[in-house]
Amino acid sequence: MTTINKYLKPGTLSSVLVKNRTTSTISVIVFAFLALLAGYFAANGLSFVTFAIGGVLLGILIVYVCLFIPLQGCYILMFIGFFTAFPGRLLDKNLPLSTFCEVLVLFLFMGTYWNAKKDENQKGNLIKYPVSILLLFYILYYIIEVFNPNVENIIGWLFASKRFAIQILFYVIAYRLFNTPKRFKDFLKFWIIMAFIAALYGCYQQWFGLFQFEINSIDEHEWGLLFQGGTIRKFSFLEGVATFGCLCGSMAVITIILAINENEKRKKFKLFFVSLILFLGMSYSGTRTTTVMLPAGIALYILMTLKNKATIITMVVTIFCLLFIILVPVDTPTLNRLRSTFDSKDESLNVRSINRKSIQPYIYEHPIGGGVATSGVDGRRFYPTHRLAGFPPDSGLLMLALDIGWIGLFVSILPFVMFLYQGIHYYFVIKNKQYKLYIAAITCSIFSVIVTLYAQVSIGNMPTVFFIFGVMSMFKRLVEFDNKEHESKIIEG
């Protein structure tokens, strides 16, 4: 046992299992019994029971990891967040993996709290961060919405509050866990790799077609939304095309900015290749709103770093790429879908504009909104007789204005505006060039996502909700890293 322990890293799942002697005689007997039980169920045509038992045991193990090894638990949570829809498509079953992720966030939050005493780096002053203060105001306003007189009960509020709570809890979790420069870099690498894999799978769907189980999972209503311009919009293994498109677009902004600032040719080539695959995945999603993500993100980067030579080159290349997409005489469904973003005569865009104008009087008359979860599909589900039930918001901003009013819209947008302000401010005050680059790349990426709120509900869906609220709190960590390094240099000097 001492020989094995020599090769185990402390605080990892493998070290915990060995130190707790799970390979003991009792463990072997238990696993042997479970194997025999699984064989019995399979032989009697009850194999689903075997999978259910296996799922429960795996769930218990994941909960254990979240409580006692929270850093690894966080990566497991984010990984599952990418695949909340895929197993359900594969098995043709409605699996509540999104709910499972929400439960895991609660256990992970408890795990970070219990382990805080063991990790000195977890100490900090997140509550004094301007974004945190504005989020607290948003939380208070959200609680006030319980008393909205335009709804007869709080069922919709209770349902939506789960998503809201997950965002806030993960905001705190990320600050606690990713508390060293290495952990922050590993977090960013994880998201780039996972987004690349998702984009690669989306490219496979485009080049070789969907699998039969994926086609079978699309109902008649979804088929009408996905089949556009003679082709099916691709969703990879994520829950939908909008989530897939926004993920690829936002991460492409990061990889492009990292690539143009990379001096090592091999790494630069890899980052540009990843950017290309992400761009293709974004294009194949057929989500027109994501077409503006790259120009928006790069435009902000240009404004932040206008004096850099690499910035000027990026600006010229971006303009030429945009002109190529719009003007190139090539007729393909993907390019036509992208071009329709800039077509003011497009029917679906005009329908959305008409819907927005028709509902504006309601927004003006209801400053605190019709009530949480009263518009769209949620409204039809929880408040079928409500004025907003079934009304298609087709926009994150419009949905907020309808549900929590124009006052709530203002309160909910403030934390993101402050985040952008902090990002630009930190870029000019941070001294470490690497941290400065991360600040610029992530600020531009989140800005590109915020832009999509005009036409998509792009913030709040898994897995991107973990990235957005994670980096919002980790910006303060980057400043803390930089201050510590600067202070140590002063002391040494």
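Given the structure is predicted, the values throughout are model-derived calculations rather than measurements. (Residues numbered from 1 in each chain as written. Predicted model: local features only at pLDDT ≥ 70, side-chain atom pairs only at ≥ 80, totals over all residues. Heavy atoms only, no water.)

1. A look at the overall build of the protein
Then comes step 1: Across its full length, the protein carries 22 helices and 2 strands.
Then comes step 2: Taking the contacts inside the protein whose residues are at least 6 apart along the sequence as the reference set, 75% of them involve residues at least 24 apart.
Then comes step 3: Accessible surface computed for the protein: about 25300 Å², of which carbon and sulfur atoms make up 69%. (Helix = DSSP H or I, 4+ residues; strand = E, 2+ residues; numbered from the N terminus. Contact = heavy atoms within 4.5 Å. Areas by Shrake-Rupley, 256 points an atom, 1.4 Å probe, with all protein chains shown as cover.)

2. Some words on the pattern of salt bridges
Then comes step 1: Evaluation of the coordinates by the stated rule reveals 6 salt bridges.
Then comes step 2: Close ionic contact of Arg163 with Asp378 constitutes a salt bridge, the shortest N to O distance being 3.5 Å. Highlighted residues: Arg163 in helix H9 (residues 155-177) and Asp378 in helix H19 (residues 376-382), separated in sequence by 215 residues.
Then comes step 3: Of the charged contacts, one joins Lys182 and Asp186 as a salt bridge, the two residues approaching to 2.8 Å between their closest N and O atoms. With Lys182 and Asp186 both in helix H10 (residues 181-208) and 4 residues apart, this pair spans about one turn of that helix.
Then comes step 4: The class for Lys182 is exposed, based on a relative accessible area of 59%.
Then comes step 5: One connected set of salt bridges, linked through shared partners, spans Lys476, Arg477 and Glu480. (Salt bridge = Lys/Arg side-chain N within 4 Å of Asp/Glu carboxyl O. Buried < 20%, exposed > 50% of the residue type's maximum accessible area, 1.4 Å probe, protein only.)

3. Digging into the nonpolar core
Then comes step 1: With 118 residues, the main nonpolar core has Met78, Trp191 and Phe466 as its most contacted residues.
Then comes step 2: Those residues in contact with Phe466 that sit more than four places away from it in its chain are Leu77, Met78, Gly81, Val105, Ile166, Phe170, Phe187 and Trp191.
Then comes step 3: Core analysis: the second largest hydrophobic core is formed by 8 residues, Ile363, Phe391, Ala401 and Leu402 among them. (Core = buried A, V, L, I, M, F, W, Y, C linked by side-chain atoms within 4.5 Å.)

4. So, the packing of H10 against helix H13 (residues 241-260)
When two helices pack together, their arrangement is captured by the angle between the axes and the distance separating the axes.
Then comes step 1: At their nearest, the axes of H10 and H13 sit 10 Å apart, and the two run at 125 degrees to each other. One finds that H10 runs oblique with respect to H13. H13 is crossed by H10, and the crossing has left-handed handedness. Residues Leu188, Trp191, Ile192, Ala195, Ala198, Ala199 and Gly202 of H10 touch H13, and the partners they reach there are Phe244, Leu247, Cys248, Met251, Ile254, Thr255 and Leu258.
Then comes step 2: A class-by-class count of the residues in the contact of H10 with H13 yields 12 nonpolar, 2 polar and no charged. (Axes fitted to C-alpha atoms, helices over the stretch in contact; angles between N-to-C directions. Parallel < 35°, antiparallel > 145°, perpendicular 65-115°, else oblique. Left-handed = near helix turned anticlockwise from the far one by under 90°. Nonpolar A, V, L, I, M, F, W, Y, C, P; charged D, E, K, R; others polar.)

5. With respect to a nonpolar patch on the surface
Then comes step 1: On the surface, a cluster of nonpolar side chains totalling about 370 Å² of accessible area is made up of Leu58, Leu61, Tyr64 and Phe68.
Then comes step 2: Mapped onto the fold, Leu61 is located in helix H4 (residues 47-68). (Patch = residues over 30% accessible without salt bridge, like charges linked within 9 Å, V, L, I, M, F, W, Y side chains within 5 Å.)

6. Looking at the side chain of Ser395
Then comes step 1: Inspection of the secondary structure puts Ser395 in the loop between H19 and helix H20 (396-429).
Then comes step 2: Overall, the relative accessible area of 2% leaves Ser395 in the buried class.
Then comes step 3: Beyond its immediate chain neighbours, meaning those up to four positions away, Ser395 contacts Arg356, Leu453, Tyr454, Ala455, Gln456 and Val457.

7. Digging into the environment of Lys162
Then comes step 1: With respect to the secondary-structure elements, Lys162 resides in helix H9.
Then comes step 2: We classify Lys162 as partly exposed; its relative accessible area is 35%.
Then comes step 3: With 60 residues separating them in the primary sequence, Lys162 and Glu102 have C-alpha atoms 7.5 Å apart.

8. Regarding H9
Then comes step 1: The terminal C-alpha atoms of H9 lie 33 Å apart, and with 23 residues this matches the ideal 33 Å at 1.5 Å per residue to within 8%.
Then comes step 2: Most of H9 is tucked away, with 17 of its 23 residues classed as buried. (Expected span 1.5 Å × (residues − 1).)

9. Observations regarding the packing of aromatic side chains
Then comes step 1: This model, assessed by the stated rule, comprises 34 aromatic pairs.
Then comes step 2: Between the aromatic rings of Trp191 and Phe467, the centroid separation amounts to 5.4 Å while the plane-to-plane angle is 55 degrees, which identifies the pairing as tilted. Placement of Trp191 in helix H10 and of Phe467 in helix H22 (residues 464-492) is noted, with a sequence separation of 276 residues between them. One exposure class covers both Trp191 and Phe467, and it is buried. (Phe/Tyr/Trp six-rings, centres within 6.5 Å; stacked < 30°, edge-to-face > 60°.)

10. Observations regarding the confidence of the model for the protein
Then comes step 1: Looking at the protein as a whole, the pLDDT averages 83, with 79% of positions reaching at least 70.
Then comes step 2: Note on residues 1-8: pLDDT under 50 across the span, and 8 contacts to partners over four residues away in sequence or across chains.
Then comes step 3: Between residues 16-23, whose pLDDT stays under 50, and residues either more than four places distant or in other chains, the model counts 14 contacts. (pLDDT = per-residue confidence, 0-100.)

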